[in-house]
Amino acid sequence: MVILRDKIRFYEGQKLLDSLAETWDFFFSDVLPTLQAIFYPVQGKEPSVRQLALLHFRNTITLSVKLEDALARAHARVPPAIVQMLLVLQVGTRPGSGRWCLRPGPQRQRRGGPGSTRVTDGMLSGGTWGGE
């Protein structure tokens with residue numbers, strides 16, 4: 001994860017969004033399935049390998065870059081992979097139910113012109129793992 005983070009760490013603005021989208025695509029389509037396949041024989045209870053890998057991606061990469069600033073730019077073009085990443089990393093349920101959750105911070109929305117994607121960045125503005 002640190003290697004993936006270091007590739008995009010110093011980017012800002014649109015370059016950060018594009019690079020992070022590429023990194024997410026690689027992680028989600030190549031790294032995550034490989035980890036799940038390798039650790040399939042030793043699966044235990046919650047949290048799963050998938051959940052741990054996604055949590056580590058969120059903590060190591062997403063929360064360590066200036067993503068909120070890049071999304072807040074007026075003319076930012078948000079790649080579909082970034083929208084997918086935010087949705088995958090934000091959705092969950094409460095601990096104790098056998099699943100993981102992200103308690104979002106204050107919700108902010110970015111709205112663009114026609115056909116643009118609305119992004120909420122609650123996970124980026126102070127969200128924590130755990131119940132209320």
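It should be emphasised that the depicted structure is a prediction, and the values quoted were computed from it without experimental measurement. (Residues numbered from 1 in each chain as written. Predicted model: local features only at pLDDT ≥ 70, side-chain atom pairs only at ≥ 80, totals over all residues. Heavy atoms only, no water.)

It is worth spelling out the overall build of the protein at this point. Across its full length, the protein carries five helices and four strands. For the protein, the proportion of contacts with a sequence separation of at least 24, taken over those separated by at least 6, is 67%. Accessible surface, the protein: about 7900 Å² in total, of which carbon and sulfur atoms supply 56%. (Helix = DSSP H or I, 4+ residues; strand = E, 2+ residues; numbered from the N terminus. Contact = heavy atoms within 4.5 Å. Areas by Shrake-Rupley, 256 points an atom, 1.4 Å probe, with all protein chains shown as cover.)

All right, on to the pattern of salt bridges then. In total, this model carries four salt bridges according to the counting rule given. Here Arg5 ties to Asp6 by a salt bridge, and the two come within 3.6 Å at their closest N and O atoms. Taking the relative accessible area as the measure of exposure, Arg5 reaches 16% and is therefore buried. The partly exposed category is assigned to Asp6, whose relative accessible area is 40%. (Salt bridge = Lys/Arg side-chain N within 4 Å of Asp/Glu carboxyl O. Buried < 20%, exposed > 50% of the residue type's maximum accessible area, 1.4 Å probe, protein only.)

Let us now look at the nonpolar core. Counting residues in each nonpolar core, the largest one holds 25 residues, and the members touching the most others are Trp24, Leu67, Ile82 and Met85. Every element with two or more residues in this core is listed here: helix 1 (2–8), helix 2 (13–38), helix 3 (49–60), helix 4 (67–72) and helix 5 (80–90). The element that contributes the greatest number of residues to this core is helix 2, accounting for seven residues. Ignoring any residue separated from it by four or fewer positions in sequence, one finds Ile82 in contact with Leu17, Leu20, Ala21 and Leu71. (Core = buried A, V, L, I, M, F, W, Y, C linked by side-chain atoms within 4.5 Å.)

What follows deals with the environment of Gln14. With respect to the secondary-structure elements, Gln14 resides in helix 2. The exposure class assigned to Gln14 is partly exposed, which follows from its relative accessible area of 26%. Each residue touching Gln14, except ones within four places of it in the same chain, is listed here: His75, Ala76 and Arg77.

Packing of helix 2 against helix 3 leaves a shortest axis separation of 10 Å and a crossing angle of 150 degrees. When the axis of helix 2 is compared with that of helix 3, the two are roughly antiparallel. Like other packed secondary-structure pairs, helix 2 and helix 3 cross with a definite hand, here right-handed. Within the contact between the two elements, helix 2 uses Thr23, Trp24, Phe27, Phe28, Leu32, Leu35 and Gln36 and helix 3 uses Val49, Arg50, Ala53, Leu54 and Phe57. Grouping the constituent residues of the contact of helix 2 with helix 3 by class yields nine nonpolar, two polar and one charged. (Axes fitted to C-alpha atoms, helices over the stretch in contact; angles between N-to-C directions. Parallel < 35°, antiparallel > 145°, perpendicular 65-115°, else oblique. Left-handed = near helix turned anticlockwise from the far one by under 90°. Nonpolar A, V, L, I, M, F, W, Y, C, P; charged D, E, K, R; others polar.)

Let's shift gears to the packing of helix 2 against helix 5. Between helix 2 and helix 5, the shortest axis-to-axis distance is 8 Å and the interhelical angle comes to 60 degrees. As the angle between them shows, helix 2 and helix 5 are arranged oblique. For the element pair helix 2 and helix 5, the recorded crossing hand is left-handed. Residues Leu17, Leu20, Ala21, Trp24, Asp25 and Phe28 of helix 2 form the contact with helix 5, whose participating residues are Ala81, Ile82, Gln84, Met85, Val88 and Leu89. For the contact of helix 2 with helix 5, a count of residues per class yields 10 nonpolar, one polar and one charged.

Under the criterion given, the structure shown has four aromatic pairs. Cluster of aromatic residues (ring-pair linked, three or more members): Trp24, Phe27, Phe28 and Phe57. Just above the ring of Tyr11 sits the side chain of Lys15; from NZ or CZ to the centre is 5.0 Å. (Phe/Tyr/Trp six-rings, centres within 6.5 Å; stacked < 30°, edge-to-face > 60°. Lys NZ or Arg CZ within 6 Å of the ring centre and 35° of its normal.)

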